[in-house]
Amino acid sequence: MTEKEWTEYKTKIQALGSRMDLIGIRALCHRLENPQEALKIIHIAGTNGKGSILAMVSSALSACGYKTGRYSSPAVFDEREQFSVNGRPIGKKLFLEYAGRLRSVCEEMEAEGLSHPTLFEFETALAFLYFKEQKCHTVVLETGMGGETDATNLITAPMIAAFASISMDHMAFLGDTLEQIATVKAGIIKEGCHVVSVSQDPEAEAVLIREAAKKHAKLHLAEEPKVLSAGSKGIRFSYKGHKDIRLSLRGLYQAANGAAALEILDCLQEHFGYVLPDERIRKSLEQLTWPGRFEQIAKKPDFYIDGAHNEAAAKVLSQTIRFYFTNKKIIYIMGVLQDKEYQKIILETYIHADNIIAIKPPHNARAKDAYELAKEAALYHNRVTSADSLEEAVEMANLLAGRDGIIVAFGSLSYLGALKKIVDNGKWTRRDSHGK
């Protein structure tokens, strides 16, 4: 398959949307001889933070000498980053080879009168096959949406089912209450597996306790970590026997994710015979990078990007901004999807902003129009404008912030990669001092 053929094919299957059942992925993986059954898997669900936990656990395992596959979505900068082994994304040529193999199988399914798999089902099956053929020792796997009917839940015997923070999101698919949403996400718990969770809202925690008991699964609830310090280079925290852990990721909320990651690693050592030297875990967390999670991408003015795409994520972003940026001029670039609770995102964050620039995430059919988003934000804030492009938004934010201000771009992860490329490609030049 050529790159052009993949682009055309991807556009075609993207139009199939989402499917909330396992019929398509089961039929596809059956034709691939069920590669997922050959993998030792840590399966992670939740609303916010599952990607960060995945990054911490997979990086630590790789650092300790275990060949580790990592599958996460959505991609921020390049679609191939979703499929990585020991932190290295699948190569372009190899990815196209796998895509071509799977397209042939999907076409056979269509010829037999079966539905064509969705894009997420296609990508999930590709991940399973790739990790099996790469002979990965362990795979860390992130759900796409939900849990019970998510394509990744085709797996039948994970070592650990892990949970990041569970909150309200994707209500059209998962339910209208926190209990309903938590119940769907708890569908990844399998008979006799181990379950690890961050500290949850009592309602969500009650669901995990109930569902773990039903499946005779051992539940490990992570305790609150002790935060020692937080700064521009990351945070320091202690958790149980792990003293003074230095985590490169910024944001106070990452300490709770770090505690869950350490709980998973402790579980692997205690119950599955993994040998994970503490000094290697420490080094991996200190050097960890994870794109789009309160990531600093430029200086003077300091520019951060964050995938705060729902109410709960917006709340912790607001807390982080309040903690880090006292007495600073703050400029927002905000882009969201139409089916998200963008009013609640605005309500949680507007108070810190001196100016808000609304944009429409490009190349996304679900994107909220910039002008309409600006009108919503203007109900709460009196300095709101919209930009016609990401380039214009970057230039406007740069001029408004000055050298000592702060720019925070957030909302949908889908546009943050394009935004970072604009900054990286040299369009981060101040124009109020004759180009200097």
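Each remark here, short or long, concerns the structure printed above.
Residues numbered from 1 in each chain as written. Predicted model: local features only at pLDDT ≥ 70, side-chain atom pairs only at ≥ 80, totals over all residues. Heavy atoms only, no water.

## Observations concerning the layout of surface pockets
Taken as a whole, the second largest pocket holds about 490 Å³ of empty space. What lines the second largest pocket is a set of 28 residues, and nearest its centre among them are Ser59, Arg70, Gly87, Thr289 and Trp290. Listed by contribution, the elements that provide at least two residues to the lining of the second largest pocket are helix H3 (50–63), strand S2 (68–71) and helix H10 (278–286). The element contributing the most residues to the lining of the second largest pocket is H3, with 4 residues. In the lining of the second largest pocket, the residues fall into 8 nonpolar, 14 polar and 6 charged. (1 Å grid on protein atoms, 1.4 Å probe; cavity = no way out; pocket = protein on both sides within 12 Å on 5 of 7 lines; lining within 4 Å. Points joined across faces, edges and corners; volume = space filled by probe spheres on them. Helix = DSSP H or I, 4+ residues; strand = E, 2+ residues; numbered from the N terminus. Nonpolar A, V, L, I, M, F, W, Y, C, P; charged D, E, K, R; others polar.)

## Quick word on the sheet that holds strand S10 (residues 234–239)
The strand order across the open sheet built from 3 strands is S9-S10-S11, with neighbouring strands paired in antiparallel fashion. Both outer strands of the open sheet, strand S9 (226–231) and strand S11 (242–247), are each paired with one neighbouring strand and no more. This sheet shows a mean twist of 15 degrees between the axes of neighbouring strands, independent of strand direction. With 4 bridges joining them, S10 and S11 adopt antiparallel strand pairing. Bridge pairing in S11 links phenylalanine 237 to isoleucine 245. (Pairing = 2+ DSSP bridges. Axes fitted to C-alpha atoms, helices over the stretch in contact; angles between N-to-C directions.)

## Details of helix H4 (residues 92–111)
Taking 1.5 Å of rise per residue, the 20 residues of H4 would be expected to cover 28 Å, and the 29 Å separating its terminal C-alpha atoms lies within 8% of that figure. Against the buried residues of H4 lie helix H1 (3–14), helix H2 (23–31), strand S3 (83–85) and helix H5 (119–133). A positive phi of about 90 degrees marks glycine 113, the residue just after H4. (Expected span 1.5 Å × (residues − 1). Contact = heavy atoms within 4.5 Å.)

## Here's the deal with the packing of aromatic side chains
Summed over all chains, the structure comprises 18 aromatic pairs. For the ring pair tyrosine 98 and tyrosine 130, a centre distance of 5.5 Å and an interplane angle of 85 degrees mean the geometry is edge-to-face. Residue tyrosine 98 is located in helix H4, and its partner tyrosine 130 is located in helix H5; the two are separated by 32 residues in the primary sequence. Members of the aromatic cluster, joined through ring pairs, are Trp6, Tyr9, Tyr71, Phe83, Phe95, Phe120 and Phe122. The ring of tyrosine 98 is capped by arginine 101, whose NZ or CZ atom sits 5.0 Å from the centre of that ring. Across from the ring centre of tyrosine 9, 6.0 Å away, lies the NZ or CZ of arginine 103, which sits over that ring. (Phe/Tyr/Trp six-rings, centres within 6.5 Å; stacked < 30°, edge-to-face > 60°. Lys NZ or Arg CZ within 6 Å of the ring centre and 35° of its normal.)

## Quick look at a positive patch on the surface
On the surface, Lys233, Lys299, Lys300 and Arg403 cluster together into a patch of positive charge. Note on placement: lysine 299 falls in the loop between strand S12 (295–298) and strand S13 (302–306). With relative accessibility at 61%, the residue lysine 299 sits in the exposed group. (Patch = residues over 30% accessible without salt bridge, like charges linked within 9 Å, V, L, I, M, F, W, Y side chains within 5 Å. Areas by Shrake-Rupley, 256 points an atom, 1.4 Å probe, with all protein chains shown as cover. Salt bridge = Lys/Arg side-chain N within 4 Å of Asp/Glu carboxyl O. Lys, Arg positive; Asp, Glu negative; His and termini not counted. Charge placed at Lys NZ, Arg CZ, Asp CG, Glu CD. Buried < 20%, exposed > 50% of the residue type's maximum accessible area, 1.4 Å probe, protein only.)

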